[in-house]
Amino acid sequence: MRRRLLIILALGFLIGIPGLFFALREPEMPASEILKQARTAMQERHFADAERLVNSISSADPYFTDAMLIAGESATRLERLEDAVKYYRTIPIDDSDKSVLAQFSMANVLIHTGDISSAFATFERVLKSEPMDVVTHSRVAFLYAASARRWESRPHLELILRSGGATVEELALLADLERPVDEEEYLKKCQQSWPHDLNVRLGLASIAAQNGQPAAAVLELQKIIHEQPELMAAQALLGELLASERSIRFDAWHAELPSDADQWPDIWYARGVRAQLLGDQKIAARCFWQVLRISPIHRRANYQLGRILVELHDANADGFAEQSRQLFSLTQALMHALRSEGRNEVIMQQIVQTLDRMGRVWETCAWAQLSRKNFPQSEWPSEFLQRLAPLLNDQLPMVLADRNLAMKCDLSSFPEFTEILSARIPEQSTAPDSADSTMIEFREESAIGIDFVYQNAADDSTRGSRMQEQTGGGVTVVDVDQDGWQDLYFVQGAQWPTGSSVPVLNDRLVDRIYRNRFGWTFQDITTSAGIDEQGFGQSCAA
């Protein structure tokens, strides 16, 4: 009897254990309540708590996507970017608002991790669902600019402009697509984590070229193109660097170009540079004209075409020369606008006036609108907007047809570029020393095209030397035409009779500017550049 009682008591104890367990266990919290608490934690900046809460929600739960959005943001705020990417990648890709938000958030994180190529791909998925999202277009434009793919940033910047919400930085990027963007520090950080990313490598190769390291740039660009031949920004940059070489590597590069190469303005620019090296100005002119038919605001092509047409005594020369001056003036003004963050009214007005003269109505209105916001007391921005804003519509081109010089002239009668492919490069009387040399050597070269004598106003009839006779003249080394070769600007003095308070001006004694012809010779372009400085100069700054 006693044994049966013990067994019954034991069974009762065992049966009671599950009940006791469930009594002590906390009841499961609904996912909706977990999300509510997690959002509260986020608002209170308790990011780790928020992440812990949402990680308790099962992947099979309908609220799982909401949970991973919070987890991704929490990890981002805690600077655990790789974890944030992992969270966002658990969310299925579709056209739902939450999925698009996850892709957009992940792309922003990828920018900060330095994975530029993945960021590009992710933003493109966002744009398939939200093609008019201005913020996404802004991010993509930044990535294109940073990775030296400026031409590809153009449609994104134009959409931002037409939306009416462009910043001064975005307007400046669009106004001068050739202006280098300094993102070297960012790209080097990207390189540390993603050394094989083609966009990172392209951006750094472009910087190497800008910093006077063409050999390193060419080597890297060749590797990039071998991996991805259709990356046209890399093709164009490589072509421009090879075009200046006295070798046949340009021809080999040109023979392997993708079939759509003719649609890219900088490919035509490289061809123009090559034609100049080969000494055929008409073919060079046709190439630069082709650049401007694709991109009428291409600054360097405008300059080169204007200069060549002056030499050819072509009737269209003055128009392109004037437009070139306007574009260079605009570039300088844009730099001042960026430094002042659009707060320098004189500079802003100069930009608006220049764009207006060039028939760039969309940009004129955008800069005027920004100026009206920054300078509410000024009337001039409203005057521009009242005159031009009624013209804006989806069909209005970025440059008015009657101001598009490339469309108003016809250079198709000039020889085509294919006629000089594989042509023999003209011989030069002298050649630079090997690039391997580390010694600097000075020598007199009479055949490189520089013929300049400084007039220091020496007066042999007087004792001693006046101050202006002692200090001499100056020379400035500057890439005037932005072709990658440093040009020379020589400052001229004047005759200055003893006892006179001012020098005697003479139209034969003027400053002179010599264009660097690919490191081999120099060409006097003083007249075509519009230089007529007769003052007594002793230095020049650029």
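Numbering of residues starts from 1 in every chain and runs along the sequence as written. Local features are withheld for residues below a pLDDT of 70 in this predicted model, meaning they are given only at 70 or higher, and side-chain atom pairs are given and counted only at 80 or more; totals for whole chains, interfaces and linings count all residues. Each side-chain value is derived from all of the structure's non-hydrogen atoms; neither hydrogens nor water enter the calculation.

Participant: Any details on the overall build of the protein? Residues and values, ideally.
Facilitator: Numbering of helices and strands starts at the N terminus; helices are DSSP runs of H or I of at least 4 residues and strands are runs of E of at least 2. Along the backbone of the protein there are 24 helices and four strands. Accessibility here uses a 1.4 Å probe with only protein chains present; expressed as a share of the type maximum, an area under 20% marks a residue as buried, one over 50% as exposed, and anything in between as partly exposed. Within the protein, buried positions represent 47% of all 542 residues. Should any heavy atoms of two residues lie within 4.5 Å, those residues are considered in contact. The long-range fraction of contacts in the protein, counting pairs at least 24 apart against all pairs at least 6 apart in sequence, stands at 60%. Carbon and sulfur atoms form 53% of the exposed surface of the protein, whose accessible area is close to 29100 Å². For the area figures, the Shrake-Rupley method with a 1.4 Å probe applies, and any residue is considered shielded solely by the protein chains shown.

Participant: How would you sum up the packing of helix 7 (residues 116-129) against helix 12 (residues 198-210)? Please name residues and give values.
Facilitator: Angles shown run from 0 to 180 degrees and are taken between the N-to-C directions of axes, each axis being a line fitted to C-alpha atoms and, for helices, limited to the stretch in contact. At their nearest, the axes of helix 7 and helix 12 sit 6 Å apart, and the two run at 115° to each other. Together, Ile116, Ser117 and Phe120 of helix 7 and Leu198, Asn199 and Val200 of helix 12 make up the contact between the two elements. In this count, Pro and Cys sit with the nonpolar residues alongside Ala, Val, Leu, Ile, Met, Phe, Trp and Tyr, while Asp, Glu, Lys and Arg are called charged and the others, Gly among them, polar. Counted by class, the contact of helix 7 with helix 12 contains four nonpolar, two polar and no charged residues.

Participant: An account of the environment of Leu505 is requested, with residue identities and associated values reported.
Facilitator: Note that Leu505 resides in the loop between strand 2 (487-490) and strand 3 (512-517). Sequence-wise, Leu505 and Ala494 are eleven residues apart; in three dimensions their C-alpha atoms are separated by 6.5 Å.

Participant: Any details on helix 22 (residues 380-388)? Residues and values, ideally.
Facilitator: Every buried residue of helix 22 is listed here: Trp380, Pro381, Phe384, Leu385 and Leu388. All buried residues of helix 22 fall inside an arc of 140° around its axis, so they share one side. Summarising the geometry, the arc corresponds to the directions from the helix axis toward the C-beta atoms.

Participant: Which residues make up the pattern of salt bridges, and what values do they have?
Facilitator: What makes a salt bridge here is a side-chain nitrogen of Lys or Arg within 4 Å of a carboxyl oxygen of Asp or Glu, nothing more. A complete count under the given rule lists 23 salt bridges for this structure. Salt-bridge contacts for Arg300 lead to Glu178; the nearest nitrogen and oxygen are separated by 2.9 Å. With Arg300 in helix 18 (residues 299-311) and Glu178 in the loop between helix 10 (168-175) and helix 11 (184-193), this residue pair connects regions lying 122 residues apart in the sequence. One connected set of salt bridges, linked through shared partners, spans Arg39, Asp66 and Lys98.

Participant: A description of the packing of helix 20 (residues 345-357) against helix 21 (residues 361-374) should follow, citing residues and the corresponding values.
Facilitator: Running from N to C, helix 20 and helix 21 point in directions that differ by 160°, and their axes come no closer than 8 Å. Taken together, the axes of helix 20 and helix 21 lie roughly antiparallel to each other. At the point where helix 20 passes helix 21, the crossing takes the left-handed sense. Contact residues: Met348, Ile351, Val352, Leu355 and Asp356 in helix 20; Glu363, Thr364, Trp367, Ala368, Leu370 and Ser371 in helix 21. A breakdown of the residues in the contact of helix 20 with helix 21 according to their chemical character gives seven nonpolar, two polar and two charged. Should an angle lie under 35 degrees it is considered roughly parallel, over 145 roughly antiparallel, and from 65 to 115 roughly perpendicular; all remaining angles are considered oblique. By convention the crossing between two helices is left-handed if the near helix lies anticlockwise of the far one by an angle smaller than a right angle, and right-handed if it lies clockwise.

Participant: Lay out the packing of aromatic side chains with the relevant residues and their values.
Facilitator: Only centres within 6.5 Å qualify two rings of Phe, Tyr or Trp (six-membered ring in Trp) as a pair; their planes then separate them into stacked at under 30 degrees, edge-to-face at over 60, and tilted for everything else. The tally for this structure, following the rule as stated, stands at nine aromatic pairs. Between Phe250 and Phe417 the ring centres are 6.1 Å apart and the planes differ by 75°, which places this aromatic pair in the edge-to-face class. Here Phe250 is found in helix 15 (residues 249-255), whereas its partner Phe417 is found in the loop between helix 23 (405-408) and helix 24 (467-471), with 167 residues between them in sequence. Given a relative accessible area of 0%, Phe250 falls into the buried group. Relative accessible area serves as the criterion here: at 6%, Phe417 is assigned to the buried category. Between the aromatic rings of Trp380 and Phe384, the centroid separation amounts to 6.3 Å while the plane-to-plane angle is 90°, which identifies the pairing as edge-to-face.

Participant: Before we move on, can you summarise the sheet that holds strand 1 (residues 475-478) with the specific residues and values?
Facilitator: Strand pairing follows a simple DSSP-based rule, namely that at least 2 bridges must link the two strands. Across the sheet, four strands lie side by side as 1-2-3-4; this open sheet has antiparallel pairing. Each of the sheet's edge strands pairs with one partner strand only, and the pair in question is strand 1 and strand 4 (521-524). For this sheet, the mean angle separating the axes of adjacent strands, direction not counted, is 25°. Two strands pair when backbone bridges link them, and strand 1 and strand 2 are joined in this way by four bridges, in the antiparallel orientation. Residue pairing across strands places Val475 opposite Phe490, the latter belonging to strand 2.

Participant: Report on the nonpolar core, specifying residues and quantitative values.
Facilitator: Working definition of a nonpolar core: buried Ala, Val, Leu, Ile, Met, Phe, Trp, Tyr and Cys residues. They are joined through side-chain atoms within 4.5 Å. Ranked by internal contacts, the top residues of the largest apolar core, which has 90 residues, are Leu221, Trp253, Ile267, Leu305, Ile351 and Trp367. Of the residues forming this core, the biggest block, nine residues, is contributed by helix 14 (residues 232-243). Those residues in contact with Ile267 that sit more than four places away from it in its chain are Met232, Gln235, Ala236, Trp253, Leu257 and Ala261. By size, the runner-up hydrophobic cluster in this structure holds 46 residues, among which are Ile34, Leu69, Phe104 and Val200.

Participant: Would you mind going over a negative patch on the surface in detail, with residue names and values included?
Facilitator: Note that patches include only residues with greater than 30% relative accessible area and no salt bridge, and the join distances are 9 Å for like charges and 5 Å for nonpolar side chains (Val, Leu, Ile, Met, Phe, Trp, Tyr). In summary, the charge assignment counts Lys and Arg as positive and Asp and Glu as negative, without counting His or the chain termini. Charge placement uses NZ in Lys and CZ in Arg. For Asp and Glu, CG and CD serve respectively. A cluster of acidic side chains, namely Asp94, Asp95, Asp97 and Glu130, defines a negative patch on the protein surface. Among the structural elements, Glu130 can be located in the loop between helix 7 and helix 8 (134-146).

Participant: Lay out the layout of surface pockets in plain terms, naming residues and giving numbers.
Facilitator: Rolled over the atoms, a probe with the dimensions of a water molecule shows which regions are left empty. Taken as a whole, the second largest pocket encloses approximately 800 Å³ of empty space. Counting residues per element, the ones that place at least two in the lining of the second largest pocket are helix 18, helix 19 (317-339) and strand 1. Residue contributions to the lining of the second largest pocket peak at eight residues, all from helix 19. Grouping the amino acids of the lining of the second largest pocket by side-chain chemistry returns 15 nonpolar, eight polar and five charged. A cavity here means a set of points on a 1 Å grid, drawn over the protein atoms and nothing else, where a 1.4 Å probe fits but cannot get out; a pocket is an open set with protein on both sides within 12 Å along at least five of seven lines, and a residue lines either one if it has an atom within 4 Å of a point. Grid points are joined across faces, edges and corners, and a volume is the space filled by probe spheres set on the points.

Participant: Can you break down unusual backbone geometry residue by residue, with the values?
Facilitator: The backbone of Arg45 shows a phi angle near 65°, a positive value even though the residue is not glycine. Along the polypeptide, Arg45 turns up in the loop between helix 2 (31-43) and helix 3 (47-54). Located in the positive-phi region is Glu79, a residue other than glycine, with phi close to 60°. In this structure, Glu79 sits in the loop between helix 4 (64-77) and helix 5 (81-89). By relative accessible area, which is 71% here, Glu79 ends up exposed.

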